[in-house]
Amino acid sequence: SSQSNFKNVRIELFFKDNDELVQRTQFFKKYGITSFNLVNKHVKDPIEEWVDVIQEELVDCDICAHFSLRYQKKGRRNVDGAYGVFSDFCASMGQKCSGGKDVEILLISGAGNFGKLDSVETLKRRKEERLQPKMISSSMMMTPTSTNHPRIAVAFNPFFPSREEDEKEKQRLLQKLQTHQVSKVYIQFGTNIQRLHSSLEWLTNLQHNKQGQDNESPFNFTICGSIFLPTSKLIAQQKFRPWKGVYLCGDFLSGDLHVAKDIVVNMLKLYEEHGAEILIEAPGVRNEKDMELVKMLLKERDLVMSRDNKVGEDDDVFMMKKTRKEKSNKIVVKDIKNSADKSTPGKNSLKFKPSPLVSQSALEATAILLFGSFDVRLRDNEALQLASHHSSIIPVFLWSKEEQQKWGVRGAIEVVLKDALQNLSGQLESHGLRLICRNTIDSTEELASLCKEVGAKTVYWNREQTTESR
């Protein structure tokens with residue numbers, strides 16, 4: 001169902017007043033979305049009131065109320081006074097946690113100079129406070145401790161361009177986690193797919209405390225990744241008036257919505273693979289058109305994941321085995337033979353007979369099986385079926401960045417292609433074949449040279465169903 005597609009989706013709400021907040025909540029409710037984030041941009045933001053408005057509309061809901069130390073400590077004369085505001089806020093949010101209504105607080109230091117009270121120091125004081133429940137805050141000194149404590153989340157930005165800033169951000173996150181007050185880590189939006197992947201792997205290890213101290217209990221937190229909807233308006237805004245701390249690549253900002261969409265889809269794929277929630281940042285989803293874009297992105301993510309899983313499956317159409325003979329050149333040629341059971345007609349048999357254009361003498365020679373950027377698979381591969389009739393085949397992938405045009409492989413799609421090629425290589429190796437990958441300026445010349453190098457007389461490939469290939 002459409003609602004099940006949004007089970008791990010959160011929406012950062014964008015509204016002008018309480019009436020519009022009610023409309024926004026009702027709009028998302030019909031899609032089964034009941035997880036929301038409330039942004040704190042001003043010291044006077046009535047966040048507690050906003051939480052009440054949502055909870056009145058929804059029986060079950062999950063609300064993340066942002067608390068910005070940058071804004072909330074304005075006008076506070078000392079650290080104790082600033083922390084007291086946060087402590088009171090936690091107590092208030094704790095009282096709103098009941099039944100199916102869940103509330104968490106996203107603690108944010110804010111950009112620039114953190115001052116004496118940043119998120120790390122706040123979490124340390126929070127830990128001490130919970131160990132001494134009678135000392136709640138200056139304004140609630142004699143108030144009994146609430147039995148409900150809101151969950152605390154923190155932000156993490158893995159996209160800093162310099163190694164120094166990146167390492168500093170990681171150390172700050174470790175300090176926050178070591179207080180054992182953090183239940184969730186929100187990853188800021190950015191477009192470096194490789195950096196995101198490595199950071200998710202690092203966070204996953206931290207979840208199991210593989211990089212913590214031996215005598216330290218595991219860090220118990222979940223992950224939520226932020227995304228922007230790839231719309232022309234938002235991309236133009238980020239290009240000419242970028243948000244501080246948001247690092248976006250040239251491909252995303254180029255104005256090509258297809259490229260921007262592919263980047264977001266691959267981010268969604270990474271988050272899904274690591275069991276993370278998704279936060280669609282404001283002002284992302286405002287109407288039905290935006291909602292259709294969200295549906296399309298999630299559908300594309302599922303298709304990419306399904307295709308990758310299919311590439312990784314065992315292929316039962318044929319079996320390959322190593323030959324005892326090897327060519328004198330560096331490329332090893334392997335034998336391939338039909339795995340059909342001769343006694344059972346049709347069992348595991350090849351679907352295609354040898355091409356009438358290929359002579360018997362050519363079938364006895366080596367053939368090249370050429371994989372394309374949009375055809376990295378073994379199953380249901382017609383070119384592979386035909387090449388299997390040769391005495392030996394060499395799987396080849398040629399990459400020419402210069403030949404990638406409008407509909408070619410660019411940006412984040414290159415990362416997906418690399419993963420697909422690694423899966424393909426592993427599958428071929430399990431059958432005794434080695435995938436030959438070469439970078440080239442002219443793929444036609446490279447292919448001709450390769451044929452001469454290994455003595456191949458025949459090349460098989462599948463036609464690409466892209467606009468340019470037609």
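Now for a quick tour of the structure. (Residues numbered from 1 in each chain as written. Predicted model: local features only at pLDDT ≥ 70, side-chain atom pairs only at ≥ 80, totals over all residues. Heavy atoms only, no water.)

1. Some thoughts on the packing of aromatic side chains
For the structure on display, the rule yields 13 aromatic pairs. Ring centres of Phe67 and Phe89 lie 5.1 Å apart, and the angle between their planes is 45 degrees; this geometry places the pair in the tilted category. Taken together, the residues Phe67 in strand E3 (residues 61–68) and Phe89 in helix H4 (residues 79–95) connect sequence positions 22 residues apart. Taking relative accessible area as the criterion, Phe89 reaches 6% and is therefore assigned buried. Taken together, the ring pairs in this structure connect Phe6, Phe27, Phe28, Tyr31 and Phe36 into an aromatic cluster. A cation over an aromatic ring shows up here: Arg24 above the ring of Phe27, its NZ or CZ 5.1 Å from the ring centre. Positioned above the aromatic ring of Trp202 is the side chain of Lys170, whose terminal nitrogen or guanidinium carbon lies 5.2 Å from the ring centre. (Phe/Tyr/Trp six-rings, centres within 6.5 Å; stacked < 30°, edge-to-face > 60°. Helix = DSSP H or I, 4+ residues; strand = E, 2+ residues; numbered from the N terminus. Buried < 20%, exposed > 50% of the residue type's maximum accessible area, 1.4 Å probe, protein only. Lys NZ or Arg CZ within 6 Å of the ring centre and 35° of its normal.)

2. Things to note about the pattern of salt bridges
A complete count under the given rule lists 20 salt bridges for this structure. With its nearest N and O atoms 4.0 Å apart, the salt bridge here joins Lys170 to Asp166. Residue Lys170 and its partner Asp166 are both found in helix H6 (residues 163–177); the two are separated by four residues, about one turn of the helix. Residue Lys170 is classed as buried on the basis of its relative accessible area of 19%. When its relative accessible area of 11% is taken as the criterion, Asp166 is described as buried. Among the salt bridges present, the one from Glu453 reaches Arg438, with a minimum N-O distance of 3.3 Å. Of this pair, Glu453 sits in helix H15 (residues 443–454) while Arg438 sits in strand E13 (residues 436–439), and the two are 15 residues apart along the sequence. (Salt bridge = Lys/Arg side-chain N within 4 Å of Asp/Glu carboxyl O.)

3. So, the sheet that holds E3
One closed barrel holds the eight strands; their spatial order is E1-E2-E3-E4-E5-E6-E7-E8, and the pairing between them is parallel. Pairs of neighbouring strands in the sheet enclose a mean axial angle of 25 degrees, with direction left out of account. Where strand E1 (residues 9–12) lies against strand E2 (residues 35–38), two bridges are found, and the strand directions are parallel. Across the sheet, Glu12 pairs through a bridge with Asn37, a residue of E2. Contacts from helix H10 (residues 257–273) reach strand E6 (182–187), strand E7 (222–227) and strand E8 (277–280), with the element oriented near 175 degrees to E7. (Pairing = 2+ DSSP bridges. Axes fitted to C-alpha atoms, helices over the stretch in contact; angles between N-to-C directions. Contact = heavy atoms within 4.5 Å.)

4. Focus: helix H5 (residues 119–131)
Between its first and last C-alpha, H5 extends 18 Å over 13 residues, near the 18 Å set by a 1.5 Å rise per residue. Taken residue by residue, H5 has Ser119, Val120, Thr122, Leu123, Arg126 and Glu129 as its buried positions. (Expected span 1.5 Å × (residues − 1).)

5. As for the pairing of E2
Of the two faces of E2, the one lined by Ser35 and Asn37 and the one lined by Phe36 and Leu38 are each fully buried. The β-α-β motif built from E1, the intervening helix H1 (residues 18–29) and the parallel element E2 has right-handed crossover chirality. Here E2 pairs with E3 via four bridges, running parallel. In the strand pairing of E3, Asn37 is matched with Cys64. (Right-handed = clockwise from strand over helix to strand, strands pointing away.)

6. Comments concerning helix H7 (residues 193–207)
Its 15 residues place the ends of H7 21 Å apart at the C-alpha level, agreeing with the 21 Å of an ideal helix rising 1.5 Å per residue. Among the residues of H7, Ile193, Leu196, Ser199, Leu200, Trp202, Leu203 and Leu206 are the ones counted as buried. Between the side-chain oxygen of the N-cap and the backbone nitrogen of Gln194 there are 3.3 Å, and the N-cap of H7 in question is Asn192. (Polar contact = N/O pair within 3.5 Å; in protein donor to acceptor, adjacent residues only side chain to side chain.)

7. Thoughts on unusual backbone geometry
For the bond from Ala282 to Pro283, the omega torsion is 5 degrees, close enough to zero to count as cis. Mapped onto the elements, Pro283 comes out in the loop between E8 and helix H11 (288–311). Of note, His180 is a non-glycine position whose phi angle comes to about 55 degrees, a positive value. Tracing the backbone through its elements, the reader meets His180 in the loop between H6 and E6.

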